[in-house]
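Breakdown of the fold
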Amino acid sequence: EDKVVQSPLSLVVHEGDTVTLNCSYEVTNFRSLLWYKQEKKAPTFLFMLTSSGIEKKSGRLSSILDKKELFSILNITATQTGDSAIYLCAAPGSSNTGKLIFGQGTTLQVKP
Amino acid sequence: NAGVTQTPKFRILKIGQSMTLQCTQDMNHNYMYWYRQDPGMGLKLIYYSVGAGITDKGEVPNGYNVSRSTTEDFPLRLELAAPSQTSVYFCASEPVRGYEQYFGPGTRLTVT
């Protein structure tokens, strides 16, 4: 059965800290891994990773995929209170219909 | 484009009542999905559709039904509401094999 597991489940840091969020996966016929940020409402797309070892960056956020060890990390440097959110990791399931298997999410709280 | 829209935003149901959650997308996406998100949990797939007239069960389909008579609309029906269906429901759509799903704003449902 396809599975995506995130850790930690929750994290509290202070502004300016750097955080690393983890996502491991077990997906047959793996194709890609996606990261989303969810604040009060719907998830918004951050990154899609398909190739091992290639870092994707967007401002203070970056992510990398390790297809050998079956995990991805999301790094946030110089955190701000606006980074407080749930971060979701997902991978398309092996059924090839495009449906995503989501992890439980990591709840990040950034304190001033 | 309005993207993915959902109605209603909030709803309180009594046990045993029925309702339909509406979802519409104007991006001509073939793939559409219904997820539920319980507090502190990731997203769980309820039903999905790969095109008009084609639907299939996800991970947690019990107590729900869907239909897809047009490309744009993908309503989710709850026939006999139960407290276990208290959750936030998200609809999403995706271009063919794009893997980046676009989410609606969500419907917060409480069953008492």
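Residues numbered from 1 in each chain as written. Chains lettered and ligands numbered in written order. Predicted model: local features only at pLDDT ≥ 70, side-chain atom pairs only at ≥ 80, totals over all residues. Heavy atoms only, no water.

1. Remarks on the overall build of chain A
Along chain A, the regular secondary structure elements total 0 helices and 11 strands. The order of α-helices and β-strands along chain A, N terminus first, is β-β-β-β-β-β-β-β-β-β-β. In terms of overall dimensions, chain A is globule-like: its C-alpha atoms have a radius of gyration of 14 Å, near the 13 Å expected for 112 residues. Across its three principal axes, chain A shows a C-alpha extent of roughly 45 × 30 × 20 Å. Long-range pairs, those at least 24 residues apart, make up 54% of the contacts in chain A between residues at least 6 apart in sequence. For chain A, the accessible area works out to roughly 5300 Å², and carbon and sulfur atoms hold 50% of it. The distance from the centre of the 12 positive side-chain charges to the centre of the 10 negative ones in chain A is 5 Å. (Helix = DSSP H or I, 4+ residues; strand = E, 2+ residues; numbered from the N terminus. Rg over C-alpha atoms; globule rule 2.2 N^0.38 Å. Contact = heavy atoms within 4.5 Å. Areas by Shrake-Rupley, 256 points an atom, 1.4 Å probe, with all protein chains shown as cover. Lys, Arg positive; Asp, Glu negative; His and termini not counted. Charge placed at Lys NZ, Arg CZ, Asp CG, Glu CD.)

2. Section: the overall build of chain B
Within chain B one finds 0 helices and 11 strands. Computed over the C-alpha atoms, the radius of gyration of chain B is 13 Å, within 12% of the 13 Å expected from 2.2 N^0.38 for a compact globule of 112 residues. Taking the principal axes of its C-alpha atoms as reference, chain B extends roughly 40 × 25 × 25 Å. Counting the 112 residues in chain B, one finds 46% classified as buried. Pairs at least 24 apart in sequence give 54% of the contacts found in chain B among residues at least 6 apart. When the accessible surface of chain B is totalled, it reaches about 5200 Å², and 51% of it is carbon and sulfur. Both charge centroids of chain B, one from 10 positive and one from 9 negative side chains, sit 9 Å from each other. (Buried < 20%, exposed > 50% of the residue type's maximum accessible area, 1.4 Å probe, protein only.)

3. Observations regarding the nonpolar core
If you look at the biggest cluster of nonpolar residues, it comprises 23 residues, and the most contacted ones within it are A:Val4, A:Tyr25, A:Phe30, A:Leu33, A:Trp35, A:Tyr87 and A:Leu108. Those elements that place two or more of their residues in this core are β3 (19-26), β4 (33-38), β5 (43-49), β7 (61-66), β8 (71-76), β9 (85-92) and β11 (106-111) of chain A. Apart from residues lying up to four places away in sequence, A:Phe30 is in contact with A:Tyr25, A:Leu65, A:Lys67 and A:Ala91. Judged by nonpolar contacts, the second largest core, of 19 residues, contains B:Cys23, B:Met32, B:Phe74 and B:Leu109. (Core = buried A, V, L, I, M, F, W, Y, C linked by side-chain atoms within 4.5 Å.)

4. Some words on the interface of chain B and chain A
Across the contact, 22 residues belong to chain B and 20 residues belong to chain A. Here chain B meets chain A over a buried area of about 1700 Å², counting both sides, of which 59% is carbon and sulfur. Our enumeration of links across chain B and chain A arrives at 0 salt bridges. Put simply, chain B and chain A have 3 residue pairs in polar contact (both at pLDDT 80 or more) between them. Elements with a contribution of two residues or more to the side of chain B that touches chain A: β4 (31-37), β5 (43-51) and β9 (87-94) of chain B. (Buried area = accessible area lost by both parts, 1.4 Å probe. Salt bridge = Lys/Arg side-chain N within 4 Å of Asp/Glu carboxyl O. Polar contact = N/O pair within 3.5 Å; in protein donor to acceptor, adjacent residues only side chain to side chain.)

5. Considering the environment of B:Pro8
All names here are of chain B. Positionally, Pro8 belongs in the loop between β1 (4-7) and β2 (10-13). Considering only alpha carbons, one finds Pro8 and Cys23, 15 residues apart in sequence, at a separation of 9.4 Å. Each residue touching Pro8, except ones within four places of it in the same chain, is listed here: Met19, Gly106 and Thr107.

6. Concerning the packing of aromatic side chains
Scanning the model with the defined rule gives 11 aromatic pairs over all chains in all. Measuring from ring centre to ring centre gives 6.2 Å for A:Phe102 and B:Phe103, while their planes differ by 70 degrees; the resulting arrangement is edge-to-face. Placement of A:Phe102 in strand β10 (residues 100-102) and of B:Phe103 in strand β10 (residues 102-103) is noted, with the two residues assigned to different chains. Classification of B:Phe103 as buried rests on a relative accessible area of 12%. An angle of 35 degrees between the planes, with centres 5.8 Å apart, marks the rings of B:Tyr35 and B:Phe103 as tilted. With B:Tyr35 in strand β4 and B:Phe103 in strand β10, this pair connects stretches of sequence that are 68 residues apart. By the ring-pair criterion, three or more aromatic residues cluster together here, those being A:Tyr36, A:Phe45, A:Phe102, B:Tyr33, B:Tyr35, B:Tyr48, B:Phe90 and B:Phe103. (Phe/Tyr/Trp six-rings, centres within 6.5 Å; stacked < 30°, edge-to-face > 60°.)

Take it as geometry only, folks, not as evidence of what the structure does.
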